[in-house]
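Tertiary structure, described
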Amino acid sequence: RELLKNERIRAESEGWRAMAAERSAAQAQLQALRAQVEPHFLFNTLANVSALIDRDPSAARALVDDLARHLRATLRHARAETTTLGEELDVTASLLSIMKRRIGDRLQWHFEVADALRGELMAPMLVQPLVENAVKHGIEPATGGGTITLRAQREADGGLVIEVADTGRGLTASTAGSRDDGGGTGLANLADRLRAIYGPQAQVTLHENAPRGTIARLRLPALPASAIAATAAPTPPVGAVARPTNEPAAAAAARMR
Amino acid sequence: MSAPTGPRAIVADDEPLLRDVLVGALASAWPELEVVATCADGDAALDAIRRECPDVAFLDIRMPGRSGLEVAGELLDTAAAPLCVFVTAYDEHAVDAFDRAAVDYLLKPIDPARLARAVERLKARLAERDAPAAGGAPAIDAALLRRLIEVAGGTPSGAPEPLRWLRASLRDEVRLIPIEDVLVFEAADKYLRVLTRDDEALIRMPLKEVLERLPAGEFWQIHRGTVVRTREIARTTRTLSGKLVVHLRSRSDRFEVSRPFAHLFKAD
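Because the structure is a prediction, the values reported are computed rather than measured.

Quick look at the overall build of chain B now. Counting secondary structure elements, chain B contains 7 helices and 15 strands. Residue burial in chain B is summarised as follows: out of 268 residues, 46% are buried. Long-range pairs, those at least 24 residues apart, make up 54% of the contacts in chain B with a sequence separation of at least 6.

Rendered as structure tokens:
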């Protein structure tokens, strides 16, 4: 009887941990969602649309299209449980097109991702926040602007490494006059979500770029297709992907069978 | 000492289209106003103001280099400082502060009616300035500006800059570690060991400087060479020789508490 009681206690505490992980993942997702429809971005972009209507009507139209595509994809995207790297790149590209239209030559950008990798399944909203940080904290505050490069590569162990590099201001440059934390809080949220979904083998780290700027490196462990499918199994809408924090997704998937 | 020429202004915004829009809107709303310079960042704006001595400066509050608020801050001690109108797409904190202080601001996209009202106010204030009876009142109160900079722009100059990112050596690379990830700072020769949940890195900064710049209330110094994030402290134990030792939640390392700091752990 003692054994059964311990078993029940363990199952309950696992249940609590699972709920806590689920809640933290949901909160992070909600925060990501709020950040997506950021008013400053929206109103600045609308101001540019307004400016273009008389000056360059076809550019105005293109910008409205980009904005609509970006907002729609972001809202849908943030609710989805899985996405592909290709879809994440498309959402990111619409953001970068909008910023390019607004600040012109101060932003250059390109992707270096093999077509074969575009089908990789992954959790949504892991790459876009890194690109937004690169724009907001790297390029925008840099008087001369810079270049954003997004690379993805398969690792020897089957994992995926995605890098967002910018040649903008760099994070340890003087931040006097900027109220925000250079993206630190958002990054902490992303790291928490990453751990909740992929387990401790997943990491997001920041590195100095040379000659200046920042590189954000996202490392996603390889998950077998069955684990991704388990991740995508129907769950309540707000609760997205939930795992006890110590247990990688693959083991959880196996346990669920 | 009023100049015979009409009113002059500079416009600063980092987005070229939006600069253009404001210049165009001003041409309609205030035809006598001459825009003598347009700038894409705060440093260029400051240069232009010092060079041209305009009567009015329209300043985007979010710009590379100095923000619009910081530009205004630099002009506080200047005799011929321009009247400043701040421009923002959206910044609820700044806007609240501006409203309460009756400081002029414009929202993007520019609303012609609102711009017209701002122009009326500016004309009135410029007329006051030129009147012989006018005192030497500055365009913006210094204390107010400092407060605005705090609210919308971050710490005013003078305060030690809060630590947000550490440039740390980790193995053979330079890693940027957000302060939120740091659990412990520990002095080691000329360096500081920075411990996060999964890693250990080194920074070259004196512990004294770190202590001045840490977010208030999140860390405790527990030893001459050790600073610990308080919420990471799981419990304390005593060694056989009676020393107090701190155990962390996320790492297995333990840290000795020296006598001057032992009071932190006494039960109430």
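Continuing now.
Residues and elements named next belong to chain A. For the pair helix α4 (residues 85-103) and helix α5 (residues 128-139), interaxial distance at closest approach is 9 Å and the crossing angle is 20 degrees. Looking at the two axes, α4 sits roughly parallel to α5. Where α4 crosses over α5, the two elements pack in a sense that is right-handed. Residue-level contacts link Glu-88, Val-91, Thr-92, Leu-95, Leu-96, Met-99 and Ile-103 of α4 to Gln-128, Val-131, Glu-132, Val-135 and Ile-139 of α5. Here the residues of the contact of α4 with α5 are counted per class, giving 8 nonpolar, 2 polar and 2 charged.

Residues and elements named next belong to chain B. Pairing in this open sheet of 5 strands is parallel, and the strands run β2-β1-β3-β4-β5 from one edge to the other. Sheet topology places β2 (34-39) and β5 (105-107) at the edges, where each strand pairs with a single neighbour. Strand-to-strand, the axes of this sheet are offset by a mean angle of 20 degrees, without reference to chain direction. Strand direction decides the pairing type here: strand β1 (residues 8-12) and β2, joined by 5 bridges, are parallel. When the sheet's bridge partners are listed, Val-11 is paired in β2 with Thr-38.

Let us now look at the packing of aromatic side chains. All names here are of chain B. Taken as a whole and assessed by the stated rule, the structure comprises 6 aromatic pairs over all chains. Seen from their ring centres, Trp-220 and Phe-265 are 5.5 Å apart, and the 85 degrees between their planes marks the pair as edge-to-face. On the criterion of sequence distance, the pair formed by Trp-220 in strand β11 (residues 219-223) and Phe-265 in the segment after β15 (254-257) is long-range, its members being 45 residues apart. Each residue in the set Phe-86, Phe-98 and Tyr-105 is aromatic and connected to the rest through ring pairs, giving one cluster. For Arg-114, the ring lying beneath its charged end belongs to Tyr-105, and the centroid distance is 4.5 Å.

The next thing to look at is the pairing of strand β6 (residues 165-170) of chain B. The side chains of a regular strand alternate between both faces of the sheet. Residues and elements named next belong to chain B. As defined by bridge partners, β6 adjoins strand β7 (residues 173-178) across 6 bridges and the pair is classed as antiparallel. What sits directly across from Arg-167, in β7, is Leu-176. A loop of 2 residues connects β6 with β7, the two strands running antiparallel in sequence, and Arg-171 in this loop sits at a positive phi of about 50 degrees.

If charged atoms from side chains of opposite charge come close, those side chains can pair. Inspection of every chain in the model, using the stated rule, returns 31 salt bridges over all chains. Across the salt bridge formed by Arg-217 of chain A and Glu-163 of chain A, the nearest N and O atoms sit 2.7 Å from each other. A residue pair is termed long-range when its members are at least 10 positions apart, and Arg-217 of chain A in strand β7 (residues 214-220) and Glu-163 of chain A in strand β5 (residues 160-166) qualify at 54 residues. Here Arg-217 of chain A and Glu-163 of chain A have matching classes, each one buried. Put simply, Arg-171 of chain B and Asp-199 of chain B hold a salt bridge, and the shortest N to O gap is 3.8 Å. Here Asp-199 of chain B lies in the loop between β9 (191-195) and β10 (200-203) and Arg-171 of chain B lies in the loop between β6 and β7, a separation of 28 residues in the sequence. Salt bridges sharing common partners tie together Glu-112, Arg-151, Glu-163 and Arg-217 of chain A together with Arg-171, Glu-173, Arg-175 and Asp-199 of chain B.

With that settled, the discussion passes to the confidence of the model for chain A. Residue and element names in this part refer to chain A. Per-residue pLDDT for chain A averages 79, and the proportion of residues at 70 or more is 74%. Within chain A, the lowest mean pLDDT, 43, falls on helix α8 (residues 249-256), and the highest, 98, falls on strand β2 (residues 107-112). Low pLDDT, under 50, characterises residues 174-179; the stretch is placed with 20 contacts to residues that sit more than four places away or in other chains. pLDDT under 50 marks residues 231-257. Its contacts with residues more than four places away, or in other chains, come to 47 contacts.

Quick look at the sheet that holds β15 of chain B now. Residues and elements named next belong to chain B. In spatial order, the strands read β13-β14-β15; together these 3 strands make up an open sheet with antiparallel pairing. Strand pairing shows two members of the sheet lacking a second neighbour, β13 (233-238) and β15, which therefore form its edges. Each strand axis lies, on average, 30 degrees off the axis of its neighbour in the sheet, ignoring direction. Here 4 bridges tie strand β14 (residues 244-248) to β15, and the two strands are oriented antiparallel to one another. When the bridges of β15 are listed, Val-245 appears paired with Glu-256.

The next thing to look at is the side chain of Asp-60 of chain B. Locating Asp-60 of chain B in the fold gives a position in strand β3 (residues 56-60). Apart from residues lying up to four places away in sequence, Asp-60 of chain B is in contact with Ala-12, Asp-13, Asp-14, Ser-67, Gly-68, Val-87, Thr-88 and Lys-108 of chain B.

Now for the state of the cysteines. All names here are of chain B. By the definition in use, this model includes 0 disulfides over all chains. Free of any disulfide, Cys-53 has its nearest neighbouring cysteine sulfur in Cys-84, separated by 13 Å. Considering cysteine sulfurs only, Cys-39 is the nearest to Cys-84, which forms no disulfide, with 12 Å between them.

Moving on to the packing of helix α2 (residues 39-55) of chain A against helix α1 (residues 16-29) of chain B. Look at α2 of chain A against α1 of chain B: their axes get within 9 Å of each other, and the N-to-C directions meet at 65 degrees. Comparing the axis directions of α2 of chain A and α1 of chain B gives the class roughly perpendicular. When you trace α2 of chain A past α1 of chain B, the crossing you get is left-handed. Contact with α2 of chain A, carried on its side by Asn-44, Ala-47, Asn-48, Ala-51, Leu-52 and Arg-55 of chain A, involves Leu-17, Leu-18, Asp-20 and Val-21 of chain B of α1 of chain B and no other residues of that element.

Here is what the cut-offs are and how they apply
Residues numbered from 1 in each chain as written. Chains lettered and ligands numbered in written order. Predicted model: local features only at pLDDT ≥ 70, side-chain atom pairs only at ≥ 80, totals over all residues. Heavy atoms only, no water. Helix = DSSP H or I, 4+ residues; strand = E, 2+ residues; numbered from the N terminus. Buried < 20%, exposed > 50% of the residue type's maximum accessible area, 1.4 Å probe, protein only. Contact = heavy atoms within 4.5 Å. Axes fitted to C-alpha atoms, helices over the stretch in contact; angles between N-to-C directions. Parallel < 35°, antiparallel > 145°, perpendicular 65-115°, else oblique. Left-handed = near helix turned anticlockwise from the far one by under 90°. Nonpolar A, V, L, I, M, F, W, Y, C, P; charged D, E, K, R; others polar. Pairing = 2+ DSSP bridges. Phe/Tyr/Trp six-rings, centres within 6.5 Å; stacked < 30°, edge-to-face > 60°. Lys NZ or Arg CZ within 6 Å of the ring centre and 35° of its normal. Salt bridge = Lys/Arg side-chain N within 4 Å of Asp/Glu carboxyl O. pLDDT = per-residue confidence, 0-100. Disulfide = S-S within 2.5 Å.

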